[in-house]
Amino acid sequence: MAQISNEIDREWLSANGLSKVNNIYWNLNAAELVEHAVSIKEGKLSQNGSLVVQTGVFTGRSPKDKYFVNEPSSFKDIWWGSVNQQLSENSFDKLYTRVISYLSEKNIYVQDLFGGADINYRLPVRVVTEYAWHSLFSRQLLVRPDMYATESSDAPMPGTLDPFTIICVPGCLAIPEEDNVGSSTFIVINPGKRIVLIGGTEYAGEIKKSVFTVLNYLLPKSGILPMHCSANVSDNGDTTLFFGLSGTGKTTLSADPARDLIGDDEHGWSSTGVYNFEGGCYAKCIHLRKESEPEIWNAIQFGSVLENVVMDRSNRALDFECDALTENTRAAYPIDFIQRSRIPGVGGHPKNIIFLTADAFGVLPPISKLTHEQAKYHFLNGYTAKIAGTERGLGKEPQATFSACFGLPFLPLHPEVYANMLSELLIKHSAKVWLVNTGWSGGGYGVGKRISLEYTRRMIAAVLDSELESVEYVTDPYFGLMSPKSIQGIPDQILNAKSTWADQSEYDIAAGKLASLFQENYKKYTEYQRSNISAAA
């Protein structure tokens with residue numbers, strides 16, 4: 001198996017200004033990192049052996065603190081604006097100097113990992129952290145060298161992209177007036193120098209999403225579509241993708257005991273099929289129950305990291321129901337902790353693609369079959385509800401939002417780039433696309449109820465078993481969505497969103513409002529679209 005040395009690369013440290021750090025811990029394994037984290041009081045072991053940590057003030061991402069460096073090699077490609085804010089090369093250099101100075105005389109942890117399970121397209125990533133648990137998180141979430149089971153230690157590394165370095169220093173704070181950033185928190189990507197700087201936040205999700213953002217920038221140049229989706233595969237090789245933002249069900253629905261999990265969050269679609277960007281899973285675990293999600297429950301064990309999960313101090317028992325710290329409680333674990341996982345995480349071209357949306361209005365049907373034109377329309381709109389806690393500033397209630405490609409915060413290029421690539425792949429490989437509402441039924445948030453996980457799983461099973469090939473469909477008057485009139489095991493009323501409302505005139509008002517929001521949001525793309533795509537509105 002391929003191995004990465006734990007010998008310290010002194011030459012690299014010197015070249016990057018890190019020669020004055022104190023102790024250096026290079027490519028420690030999971031057990032060693034757990035020992036470090038516990039001994040220096042970064043976290044505690046729970047009853048089941050998982051490492052429990054708290055991320056302080058920041059229990060979610062900080063998208064307003066993310067920047068791309070305005071540098072010659074990438075300037076013309078980046079989609080500049082509120083998603084990708086500009087930072088000058090001079091400001092980056094000042095911030096880099098601040099980070100390196102901060103690390104002087106401190107301990108650092110280094111992990112050599114990959115973004116991408118396909119050996120032909122993997123991105124070498126060196127992750128430098130000041131926290132042991134961040135090093136453990138990175139090791140468990142990204143692709144480890146030993147996951148390439150057939151690769152010898154001295155084998156060449158064909159097709160690899162030029163490496164990136166991520167330096168994560170929560171204790172290093174920016175000075176806004178000196179560093180030209182908006183706050184003391186910063187996530188800065190420099191494509192020219194192949195460096196990512198993260199500071200002022202302990203939320204480990206910034207590390208994994210930085211890798212995803214970098215891959216979203218690099219891979220389209222190689223003809224690969226990066227996707228914010230989970231993926232699984234059946235015993236006969238049928239691959240399924242699940243698109244959706246955090247909290248819509250990507251991790252839960254792809255962890256199917258009857259199928260192999262390829263990955264739960266980020267994938268690429270190349271000329272040979274689908275592959276996982278990661279080597280682990282990052283599951284939301286608020287209200288986690290063994291009965292409903294046994295795969296995730298059993299994956300939380302020694303070697304996994306729990307963020308902001310409340311633990312009883314006396315007996316170390318975990319309380320997955322408690323949201324005292326945040327609703328965005330998380331479990332990070334290697335994908336091989338899932339009983340049925342595909343390692344390396346590669347699969348064929350998808351037969352079915354499922355767009356997941358948590359509709360806070362409660363008006364979208366629980367499942368709809370999309371034409372390829374409708375698929376591009378809904379992909380560009382990316383409607384869902386942001387779930388409380390996944391980003392700073394969100395309150396208790398979900399907020400209706402439109403997130404292009406179901407991953408707007410991670411798109412360095414214009415959404416049209418990704419949408420056009422998806423359209424071409426759908427046509428080339430004859431993939432079927434479905435829109436599944438995992439949100440509310442019988443009314444909006446606060447009135448209706450979340451559609452039951454049991455019903456959603458039954459609907460998806462019907463898709464995967466080709467049960468919906470010959471059923472009768474009805475077309476929704478507000479969104480033009482084709483929904484099956486009946487699915488075995490689900491009450492017919494559930495499939496008709498309007499019929500679940502006690503006051504159906506209120507449904508008409510809410511549906512009309514959401515349809516208007518769709519149309520308004522889509523206006524930004526109409527200049528790029530053919531008439532048949534716009535007609536899908």
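Anything mentioned here points back to the structure above.
This one's a predicted model, so the numbers in the text were calculated from it and none came from an experiment.

1. A word on a positive patch on the surface
Here's step 1: On the surface, K41, K44, R313 and R316 cluster together into a patch of positive charge.
Here's step 2: Residue classification places R316 among the partly exposed positions, given a relative accessible area of 32%.

2. What about the packing of aromatic side chains?
Here's step 1: For the structure on display, the rule yields 27 aromatic pairs.
Here's step 2: Linked through ring pairs, Y377, Y383, F402, F479, F518, Y522 and Y525 together constitute an aromatic cluster.
Here's step 3: Directly above the aromatic system of F410 lies the positively charged group of K209, at a separation of 4.7 Å from the ring centroid.

3. Re the packing of helix 2 (residues 30-39) against helix 4 (residues 132-141)
Here's step 1: Viewed as axis vectors pointing N to C, helix 2 and helix 4 meet at an angle of 155°, and their least axial separation amounts to 8 Å. With respect to helix 4, the axis of helix 2 lies roughly antiparallel. Helix-helix and strand crossings are classified by hand; for helix 2 and helix 4 the assignment is left-handed. On helix 4, the residues touching A30, L33, V34, H36 and A37 of helix 2 are A132, W133, S135, L136, R139 and Q140.
Here's step 2: Here the residues of the contact of helix 2 with helix 4 are counted per class, giving seven nonpolar, three polar and one charged.

4. Topic: helix 11 (residues 453-464)
Here's step 1: With 12 residues, helix 11 extends 16 Å from end C-alpha to end C-alpha; this agrees with the ideal 16 Å at 1.5 Å per step.
Here's step 2: Within the span of helix 11, buried status applies to T456, M459, I460, A462, V463 and L464.
Here's step 3: Where helix 11 is buried, its residues meet strand 13 (239-243), helix 7 (250-254), strand 23 (350-357), strand 24 (367-370), strand 27 (432-437) and helix 12 (492-495).
Here's step 4: Just past helix 11, the residue S466 takes up positive phi, approximately 65°.

5. Topic: the sheet that holds strand 21 (residues 330-334)
Here's step 1: The strand order across the open sheet built from five strands is 2-3-18-21-17, with neighbouring strands paired in mixed fashion. Each edge of the open sheet carries a strand with a single partner, namely strand 2 (44-45) and strand 17 (280-284).
Here's step 2: Across two bridges, strand 2 lies against strand 3 (residues 51-53) in antiparallel orientation. Each bridged residue has a counterpart across the sheet, and for L45 the counterpart in strand 3 is L51.

Parameters at a glance
- Residues numbered from 1 in each chain as written.
- Predicted model: local features only at pLDDT ≥ 70, side-chain atom pairs only at ≥ 80, totals over all residues.
- Heavy atoms only, no water.
- Patch = residues over 30% accessible without salt bridge, like charges linked within 9 Å, V, L, I, M, F, W, Y side chains within 5 Å.
- Areas by Shrake-Rupley, 256 points an atom, 1.4 Å probe, with all protein chains shown as cover.
- Salt bridge = Lys/Arg side-chain N within 4 Å of Asp/Glu carboxyl O.
- Lys, Arg positive; Asp, Glu negative; His and termini not counted.
- Charge placed at Lys NZ, Arg CZ, Asp CG, Glu CD.
- Buried < 20%, exposed > 50% of the residue type's maximum accessible area, 1.4 Å probe, protein only.
- Phe/Tyr/Trp six-rings, centres within 6.5 Å; stacked < 30°, edge-to-face > 60°.
- Lys NZ or Arg CZ within 6 Å of the ring centre and 35° of its normal.
- Axes fitted to C-alpha atoms, helices over the stretch in contact; angles between N-to-C directions.
- Helix = DSSP H or I, 4+ residues; strand = E, 2+ residues; numbered from the N terminus.
- Parallel < 35°, antiparallel > 145°, perpendicular 65-115°, else oblique.
- Left-handed = near helix turned anticlockwise from the far one by under 90°.
- Contact = heavy atoms within 4.5 Å.
- Nonpolar A, V, L, I, M, F, W, Y, C, P; charged D, E, K, R; others polar.
- Expected span 1.5 Å × (residues − 1).
- Pairing = 2+ DSSP bridges.

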